Amino acid sequence: MAQRDRRIGLVGYGDVSVVHVGAIGAIDGLELVGIADTDPAARERAAAATGLPTFAGVEELIDALGPDAVHVTTPHDQHVGPSLAALGRGVHVLQEKPLAHTLAEGTRLVEALGSATAGRTPTVPRADGGQGAAKIGICFQNRHNRASRELARLLGSGELGEVRGAWASVVWSRTAEYYAAKPWRGRWETAGGGLLINQAIHTLDLVQWLLGPVERTEGLVSQKKFAGVTEVEDTADLVLHHASGITTTFYATLTAPVARPVEFEVETENAYLEVRSGRGGGLTVRWADGRVDTFSDKVATAGGRSYWGVSHEELIRDFYASLDAPEPFWIGPAEAMGSLQILKDAYAHSGVGN
């Protein structure tokens, strides 16, 4: 069955919006019809780049254009408000990570959706007093990488035997100029954190999705390079305790001279599995009997920066293909709380954050 045509609004014309604009343009049946941003300069850039009408807020955009869905690509502290406003008007939402900049805000969105159980479309109170059957997805696009999907398949197949533990690392590079260009990135009040919530959250999401819920987080976050430049952490050294009893050793930093590929390795009874990000990345399975299987990730097609991953377009296709099904989208707010809880536990353990 052909996908139904959908008219889409974009809320937040910042860095990551380029990926959404590119993906919407690449997918048949999707049309970007307008852009909202609270910053007049951003609206001017959006109008000049796209030729589309611009608006100061999501409500104004929805009232003027009546889109089927909106993509929320705002700074972290501006995620939940626009999402709730759109859902309350019966408009579908695809929201960038993180779920929210605080656990309280994330919980507010989860609770507004009610019990989003399998077979039941989540609803929120509509402005007119009725119920809107609007869906919401959160952009954890690396779940759609081929390496991630193959690893999920193998873990679920039973072929690997007992899972014994895991290692993950995100070793990237940032500069003082990066934070000066967008000051919200370095503040607890607006970003909700630093490295963990802004860069490493995708890897935290994969760890808890593939290996099960994390019940306890030990370790510390710290400022190794950007003390005096930002309020937030640039380094994290953690041990994640999963409900299954296994642990994942997790290291992340923004202090490297150049970015390394993201690494995720899983030791099992019958194989050792290695995931690497970036060009030439993918999954390598080294079986105990000497076999080696490889699954290469494809190159990104939706524009943007390579470290954002290769699969925004696949996630966006998946989201719109799911809209006519009765079930909630599989990466929704309740699911996205997992990675947010992990990183907030790390902040609490370190005595920092909000």
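Peer 1: Give me the packing of aromatic side chains: which residues, what numbers.
Peer 2: Here the structure, examined in full by the defined rule, presents six aromatic pairs. Ring centres of Tyr178 and Tyr179 lie 4.9 Å apart, and the angle between their planes is 85 degrees; this geometry places the pair in the edge-to-face category. Classification of Tyr179 as buried rests on a relative accessible area of 6%. Both rings, one in Phe319 and one in Phe329, keep their centres 5.2 Å apart while their planes meet at 90 degrees; by these two values the pair is edge-to-face. With Phe319 in helix 11 (residues 312-321) and Phe329 in the loop between helix 11 and helix 12 (333-350), this residue pair connects regions lying ten residues apart in the sequence. For Phe319, a relative accessible area of 0% gives the class buried. Given a relative accessible area of 5%, Phe329 falls into the buried group. Grouping aromatic residues by their ring pairs yields a cluster made of Tyr178, Tyr179 and Phe226. Sitting over the face of the ring of Tyr178, Arg174 holds its NZ or CZ atom 4.9 Å from the ring centroid. Stacked on the ring of Tyr178, the Lys or Arg Arg185 has its end atom at 4.0 Å from the ring centre.

Peer 1: An account of the sheet that holds strand 4 (residues 69-72) is needed here, citing residue identities and associated values.
Peer 2: Read from one edge of the open sheet, six strands run 3-2-1-4-5-8, paired in parallel fashion. With partners counted over all chains shown, the strands left at the sheet margins are strand 3 (54-55) and strand 8 (136-139), one partner each.

Peer 1: An account of the side chain of Asp297 is requested, with residue identities and associated values reported.
Peer 2: Structurally, the position occupied by Asp297 is in the loop between strand 16 (292-296) and helix 11. The charged side chain of Asp297 is buried without a salt bridge, its nearest counter-charge being Arg146 at 6.7 Å. Of note is the side chain of Asp297, whose polar atom sits 2.8 Å from the backbone nitrogen of Arg146. A distance of 2.9 Å separates a polar side-chain atom of Asp297 from the backbone nitrogen of Ala147. Apart from residues no more than four positions distant in its own chain, Asp297 is found in contact with Asn145, Arg146, Ala147, Arg276, Gly281 and Gly282.

Peer 1: Give a description of the pairing of strand 4 that names residues and reports values.
Peer 2: Here strand 4 shows no split at all, with Ala69 and His71 on one side and Val70 and Val72 on the other all buried. Alignment of strand 1 (residues 6-11) against strand 4, held across four bridges, turns out to be parallel. In the strand pairing of strand 4, Val11 is matched with Val72. Taken together, the four bridges between strand 4 and strand 5 (residues 92-96) define a ladder with parallel strand orientation. Looking across to strand 5, one finds that Val72 is bridged to Gln95. Crossover connection from strand 4 via helix 4 (residues 80-88) to parallel strand 5: handedness right-handed.

Peer 1: Can you tell me about the packing of helix 5 (residues 103-113) against helix 12, naming the residues and giving the values?
Peer 2: Between helix 5 and helix 12, the least distance of the axes is 10 Å, while the angle of their chain directions is 165 degrees. One element, helix 5, and the other, helix 12, form an angle in the roughly antiparallel class. Two packed elements cross with a definite hand, and for helix 5 against helix 12 that hand is left-handed. Contacts between helix 5 and helix 12 involve Leu103, Gly106, Thr107, Leu109, Val110 and Leu113 from the first element and Pro333, Ala334, Met337, Leu340, Gln341 and Lys344 from the second. Of the residues assigned to the contact of helix 5 with helix 12, the class counts are eight nonpolar, three polar and one charged.

Peer 1: Give me helix 3 (residues 58-65): which residues, what numbers.
Peer 2: Taken together, the buried positions of helix 3 are Val58, Leu61 and Ile62. Take helix 3 and look down its axis: the buried residues cluster within an arc of 95 degrees, on one side only. Buried residues belonging to helix 3 abut strand 1, strand 2 (30-36), strand 3, strand 4 and helix 4. Backbone geometry just downstream of helix 3 places Gly66 in the positive-phi region, at approximately 55 degrees.

Peer 1: Requested: an account of helix 1 (residues 17-26), with residues and values cited.
Peer 2: Looking at helix 1, one finds that the buried residues are Ser17, Val19, His20, Ala23 and Ile24. The buried residues of helix 1 occupy an angular sector of 155 degrees when projected down its axis, which confines them to one face. Each element contacted by the buried residues of helix 1 is listed here: strand 1, strand 2, strand 4, strand 5, strand 8 and helix 11.

Peer 1: Please give an account of the layout of surface pockets that cites residues and values.
Peer 2: Considering only enclosed or pocket space, the largest pocket measures out at about 840 Å³ in volume. Residue assignment for the lining of the largest pocket shows that the elements contributing at least two residues are helix 2 (40-50), helix 3 and helix 7 (176-181). Across the lining of the largest pocket, the residue classes break down as 16 nonpolar, 14 polar and eleven charged.

Peer 1: Hey, could you go over the nonpolar core for me, with residue numbers and the actual values?
Peer 2: In terms of nonpolar packing, the biggest core is built from 92 residues, with Val70, Leu196, Phe250, Phe264 and Leu283 touching the most fellow members. The leading source of residues in this core is helix 12, at seven residues. Dropping the residues within four chain positions of it, Leu196 is found in contact with Ile201, Leu204, Val221, Glu233, Ala236, Leu238, Phe250, Leu343, Ala346 and Tyr347.

Peer 1: Hey, could you go over the packing of helix 1 against helix 11 for me, with residue numbers and the actual values?
Peer 2: Axis separation between helix 1 and helix 11 bottoms out at 9 Å; the angle between their running directions is 60 degrees. In terms of orientation, helix 1 and helix 11 fall into the oblique class. Helix 1 and helix 11 meet at a crossing whose hand is right-handed. Two secondary-structure elements touch here, helix 1 through Val19, His20, Ala23 and Ala26 and helix 11 through His312, Glu313, Ile316 and Arg317. Taken together, the residues that form the contact of helix 1 with helix 11 break down as four nonpolar, two polar and two charged.

Cut-offs used in this document
- Residues numbered from 1 in each chain as written.
- Predicted model: local features only at pLDDT ≥ 70, side-chain atom pairs only at ≥ 80, totals over all residues.
- Heavy atoms only, no water.
- Phe/Tyr/Trp six-rings, centres within 6.5 Å; stacked < 30°, edge-to-face > 60°.
- Buried < 20%, exposed > 50% of the residue type's maximum accessible area, 1.4 Å probe, protein only.
- Helix = DSSP H or I, 4+ residues; strand = E, 2+ residues; numbered from the N terminus.
- Lys NZ or Arg CZ within 6 Å of the ring centre and 35° of its normal.
- Pairing = 2+ DSSP bridges.
- Lys, Arg positive; Asp, Glu negative; His and termini not counted.
- Salt bridge = Lys/Arg side-chain N within 4 Å of Asp/Glu carboxyl O.
- Polar contact = N/O pair within 3.5 Å; in protein donor to acceptor, adjacent residues only side chain to side chain.
- Contact = heavy atoms within 4.5 Å.
- Right-handed = clockwise from strand over helix to strand, strands pointing away.
- Axes fitted to C-alpha atoms, helices over the stretch in contact; angles between N-to-C directions.
- Parallel < 35°, antiparallel > 145°, perpendicular 65-115°, else oblique.
- Left-handed = near helix turned anticlockwise from the far one by under 90°.
- Nonpolar A, V, L, I, M, F, W, Y, C, P; charged D, E, K, R; others polar.
- Arc of directions from axis to C-beta.
- 1 Å grid on protein atoms, 1.4 Å probe; cavity = no way out; pocket = protein on both sides within 12 Å on 5 of 7 lines; lining within 4 Å.
- Points joined across faces, edges and corners; volume = space filled by probe spheres on them.
- Core = buried A, V, L, I, M, F, W, Y, C linked by side-chain atoms within 4.5 Å.

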